[in-house]
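A closer look at the structure
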Amino acid sequence: MDNLSKKYLRPRKIPSTACSGCGLGMNHKAVVQAIYDLGLEVEDIVWGTSIGCAGRQTFGTWKGDGFAGTHGRVYAIARGLRLVLPPEKKIILTVGDGDAFGIGLLHLIHSARSNADFTVIVNDNLGYMSTGGQYGWTTPRGSKTDSSPYGMYEQNLMSDGMDVLGVLRNAGATFLARHVSMDGQRAVESIRKGIQNRGFSLIHMVYPCPTNFGSRELGTRDTVKIYNWIKKKAAPLGEEKENTLWATGIYYDASNSRREFSESIHRNIEKIRRTGTI
Amino acid sequence: MKRYLETGNFAITEGAILAGCRFFAGYPITPATELAEAMSSRLPQEGGIFIQGEDECAALHLCVGAALGGYKAMTATSGPGYILYADPYGWAIGSEIPVVILNSGRVGPVSGITGAPGQGEFYLTRYPTQGGNFETIVLAPNSAQEAMAMTVEAFYLSERFRTPVTVLADQLITDGFEDISVPESDGEMEEMGFRTWPRKINRGPEFYPAMDEIDVPPVVLGHNTGALCSDWTPTEEGYDIEQVQAHHKHAYRLIYKVRNHRSLFNHLYEKNFMDDDPDLVVVSYGTPSRVVNTAVKKARQSGLKVGAVRLINLWPFPDEHFRRKTKYLSVELNWDGQLVREVQRAAPKDSEVHFIGSCGDLPTVTDLIEAFERLLQGQSLARRGWELEEW
Amino acid sequence: MRTEILASGFGGQGVVRLGQILGEAAVKQGYRVTMLKSHGTEMRGGYVRSQLVISKEPIGSPMVENADFFVALSLAAYKAFKHLVTKNGIILYDPAFVVELDNTLPCTQTAIPAKDLAVEKFGRAVFANTIMLGVLAKLVEEFDPKILLESILHIIPKYQEQNEKAFELGCALL
């Protein structure tokens, strides 16, 4: 265990039970690094998780208070919690792509719409990997998974000019970024900015899954090969090539430009209580 | 004490506020919409939070989130919304989070008829989520005044048992007007039998003790207690675990904390003319029970030996009222018969258990007395517009 | 002893409000009250209904099965509920809407031309219900006309002067 882990994480959950070669640990570490860089302490953060690989592997790792929601609903729970926790408490959610962009998309959009102050890290292993590897809403076109044996041929949120971050931007999110897990310090920077935004922030972070995605689509569980495959398909925003799937960096930053959900509700309640009207 | 002519929705709102509810998340649905509207007007006046969810599933999750932050929270809906609670209801049962849910029954299945009363969720309130391995508490008032009292009681029980409690009402209760007395002081609340219980905070490290005790404070996040709560089977500290023995302990607690402490609420029933071992016992809950009470009283006046058991505590089902071998008649606001099945199960072998149902409209006193007479004479029940059918 | 009052008519005639006003006045006078309303997407077709029960004792069934008073404001409503009125009961019908009578009924049937009177005296049909409430104030012995008028003015804050006059007109009608 390194010093960061000692400070913030529970020894019982480190190392995690993730598959060998799983890239989730890099994402997780980037989040913890960003928290450290901001000078935040264990008690400053309530950590929520979803189900699936990303949710289950990160649940209960934070030394402080933590919760895991049912499939796709952690955003609604977090909104309820946001309304009653003191504003200085940060809420960080580590979730998966199926949870955020599939079953939970409605709740995610309403979190963006209301500009609820929490930071969502969507750890994208390119489909439903904890159930054995089925395609999801960001699985690259043509990818072979257990539920797309001929190649993924559905329209999805990352094809034909679609971008799930565009959906969230239009829904009212105030900070959006995208990275792959090998982005290192650049990803930490984005997460740090996301946490600093008093409003809805989401960082989409693609990470490699050797066990399912790698073995089905790339025909190998070789960690180096899948890491390289992801790296090749990622490029910083503005430097995209023809085969770029993930343009990395800050997609949209309107941090602290719009009134935060809980602040707005409490301001109105306080005024109604005092004056009987808004 | 202040008296009003008001709806059940008003009474439930005031009851919730008296019980300390300061968070309500709802979603518009007839006939519970006016309750959300009343909350939207009243809660901010009390410094409480009202919010609309993007759907009922979100609404209850919002409540559970607020409850996890230490608030007493409530939501309200009708059948088509209640079914969307399956996710958060199960989560709150498993994570032992106190929250109160009101269901105002209308005519189903699905959207059915919106503005008319029904009782189609007798079993759904027992099994509001999947997976089993839990016991639920359900209270069914039969008037607006009692709906207020049962809302207060639901908050009380939800805190002590740390579990969601459903108040099962119907459209006539929530939409109908009635004279309602609202207590204005703690003394008056006590006078009316209202019990309250404050939110306490579990300081750990055993957030999910493997025993059947009540009064274990619930998990509250944000106090840096290291509390964990999740949708997975928990260890006593709240870590997720996939192990049959750990699950057995968890399930034992979810089932027996309720079953072994029924004495806290199993006094919630009403009996009329039951002292002389009546030849026919009429069983009901909710608004139909008011017609039953009037009918039984009238039947007694004309010499029929009929008695009535009205259930307020519906679940866990109070078997103790059905120990005597006699004739039973279940009166319900549905055509399929739900309560009757539970009476059949609870009554001694070879008891005659009958059912008379209607939906969208209450049964009439005249119809009920005719049914009593037929049953007492050993005839079967005539179902209006339906073929003769035996239960 | 319970007194059962049924009011029924079209949507928009103020049938629920009529029941609410009577109910509130009864509460003020210390009675127990239930008032069921069926409205909106009314499934039985063609009427809105208020079922009011007033009693000194706690009320069992909130259903009106033996109406002491029935305010009939449409022909459909009249036809649907006339048989619920007891033989000592009274049907108050507005002849502007209830255009054919069943003369075989055992109860008293009294025409109250509330709509026409409202238009004639106040220029608007909306005051018809207040006239009807005036009639009920005199007819139903449980009601204190003064308190009933207070409830009218409390529940309908607009047109107080006209409502007061319409109420008095109703009181003097029978």
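Preceding this paragraph is the structure being described.
As the structure is a computational prediction, the values presented were derived from the model and not from experiment. (Residues numbered from 1 in each chain as written. Chains lettered and ligands numbered in written order. Predicted model: local features only at pLDDT ≥ 70, side-chain atom pairs only at ≥ 80, totals over all residues. Heavy atoms only, no water.)

**Topic: the packing of helix 5 (residues 145–155) of chain C against helix 6 (residues 160–171) of chain C**
Residues and elements named next belong to chain C. Running from N to C, helix 5 and helix 6 cross one another at 150 degrees; their axes reach a closest spacing of 10 Å. One finds that helix 5 runs roughly antiparallel with respect to helix 6. Viewed along their axes, helix 5 and helix 6 form a crossing whose handedness is right-handed. On the side of helix 5, the interface is formed by Pro145, Leu148, Leu149, Ile152 and Leu153, while helix 6 contributes Gln160, Asn163, Glu164 and Phe167. Here the contact of helix 5 with helix 6 is composed, by residue class, of six nonpolar, two polar and one charged. (Axes fitted to C-alpha atoms, helices over the stretch in contact; angles between N-to-C directions. Helix = DSSP H or I, 4+ residues; strand = E, 2+ residues; numbered from the N terminus. Parallel < 35°, antiparallel > 145°, perpendicular 65-115°, else oblique. Left-handed = near helix turned anticlockwise from the far one by under 90°. Contact = heavy atoms within 4.5 Å. Nonpolar A, V, L, I, M, F, W, Y, C, P; charged D, E, K, R; others polar.)

**Quick look at the arrangement of the chains**
There are two pairs of chains in contact here; the most contacts are made by chains A and B. Kept free of each other, chain A and chain C leave a smallest C-alpha distance of 20 Å between them.

**Describing helix 9 (residues 210–218) of chain A**
Residues and elements named next belong to chain A. Those residues of helix 9 that fall on the buried side of the exposure criterion are Pro210, Thr211, Asn212, Phe213 and Gly214. Packing partners of the buried residues in helix 9 comprise helix 10 (223–232). Positive phi appears at glycine 219, one or two residues downstream of helix 9, with a value of about 70 degrees. (Buried < 20%, exposed > 50% of the residue type's maximum accessible area, 1.4 Å probe, protein only.)

**Some details on the interface of chain A and chain B**
Contact residues are listed per partner, giving 40 residues for chain A and 41 residues for chain B. Between chain A and chain B, the buried area comes to about 3,400 Å², and carbon and sulfur atoms account for 62% of it. Considering only the side of chain A, the residues that lose the most area to chain B are A:Arg56, A:Asp65 and A:Val84, jointly responsible for 19% of the buried surface there. The interface formed by chain A and chain B includes six salt bridges. Between A:Lys13 and B:Asp240 there is a salt bridge, with its nearest N and O atoms 2.8 Å apart. On the surface where chain A and chain B come into contact, there are 21 residue pairs in polar contact (both at pLDDT 80 or more). Going through the elements one at a time, helix 3 (52–58), strand 2 (66–68), helix 4 (74–84), helix 6 (105–113) and helix 11 (261–275) of chain A are the ones with two or more residues in the side of chain A that touches chain B. It is helix 4 of chain A that provides the largest number of residues to the side of chain A that touches chain B, a total of seven residues. (Buried area = accessible area lost by both parts, 1.4 Å probe. Salt bridge = Lys/Arg side-chain N within 4 Å of Asp/Glu carboxyl O. Polar contact = N/O pair within 3.5 Å; in protein donor to acceptor, adjacent residues only side chain to side chain.)

**Considerations on the interface of chain B and chain C**
Of the residues lining the interface, 26 residues belong to chain B; the matching set on chain C comes to 24 residues. Between chain B and chain C the total buried area reaches about 2,000 Å² when both faces are included, carbon and sulfur atoms providing 54% of it. It is B:Leu5, B:Phe177 and B:Arg290 in chain B that bury the most area against chain C; as a group they hold 32% of the surface buried on that side. Note that B:Glu34 is salt-bridged to C:Lys37, the shortest N-O span being 3.9 Å. At the junction of chain B with chain C, the criterion picks out eleven residue pairs in polar contact (both at pLDDT 80 or more). The greatest single-element share of the side of chain B that touches chain C, amounting to four residues, is contributed by strand 6 (residues 113–117) of chain B. Residues of the side of chain B that touches chain C, tallied by class, amount to ten nonpolar, nine polar and seven charged. Summarising the sheet, strand 9 (residues 177–182) of chain B and strand 2 (residues 32–38) of chain C pair through two bridges and their orientation is antiparallel. Residue pairing in the sheet places B:Glu178 in a bridge with C:Thr34 of strand 2 of chain C. (Pairing = 2+ DSSP bridges.)

**Observations concerning the packing of aromatic side chains**
According to the stated counting rule, one finds 28 aromatic pairs over all chains in the structure shown. Seen from their ring centres, B:Tyr156 and B:Trp197 are 6.0 Å apart, and the 85 degrees between their planes marks the pair as edge-to-face. A residue pair is termed long-range when its members are at least 10 positions apart, and B:Tyr156 in helix 7 (residues 144–161) and B:Trp197 in the loop between helix 9 (186–191) and strand 10 (228–229) qualify at 41 residues. Summarising the aromatic geometry, the rings of C:Phe122 and C:Phe127 are spaced 5.6 Å apart at their centres and angled 50 degrees between planes, so their arrangement reads as tilted. Ring-pair connections join several aromatic residues into one group, and the members of that group are B:Phe122, B:Tyr123, B:Tyr285, B:Trp315, B:Phe317, B:Phe322 and B:Tyr328. Against the face of A:Phe261 rests A:Arg79, its NZ or CZ located 5.0 Å from the ring centre. If you follow C:Lys56 out to its NZ or CZ, it ends over the ring of C:Tyr31, 4.2 Å from the centre. (Phe/Tyr/Trp six-rings, centres within 6.5 Å; stacked < 30°, edge-to-face > 60°. Lys NZ or Arg CZ within 6 Å of the ring centre and 35° of its normal.)

**Description of helix 3 (residues 114–122) of chain C**
Residues and elements named next belong to chain C. Taken together, the buried positions of helix 3 are occupied by Ala114, Leu117 and Ala118. The buried residues of helix 3 occupy an angular sector of 100 degrees when projected down its axis, which confines them to one face. Taken together, the buried residues of helix 3 touch helix 4 (128–139) and helix 6. Phi for glycine 123, located one or two positions after helix 3, is positive at around 80 degrees. (Arc of directions from axis to C-beta.)

**Quick notes on the pairing of strand 4 (residues 67–72) of chain C**
All names here are of chain C. Of all six residues in strand 4, five are buried, a share of seventy percent or more. Relative to strand 4, strand 1 (residues 2–9) is paired through four bridges, and the arrangement is parallel. Paired with isoleucine 5 across the bridge in strand 4 is phenylalanine 69. For the crossover from strand 4 across helix 2 (residues 75–81) to strand 5 (residues 85–93), the handedness is right-handed. (Right-handed = clockwise from strand over helix to strand, strands pointing away.)

Geometric values such as these leave the question of function open.
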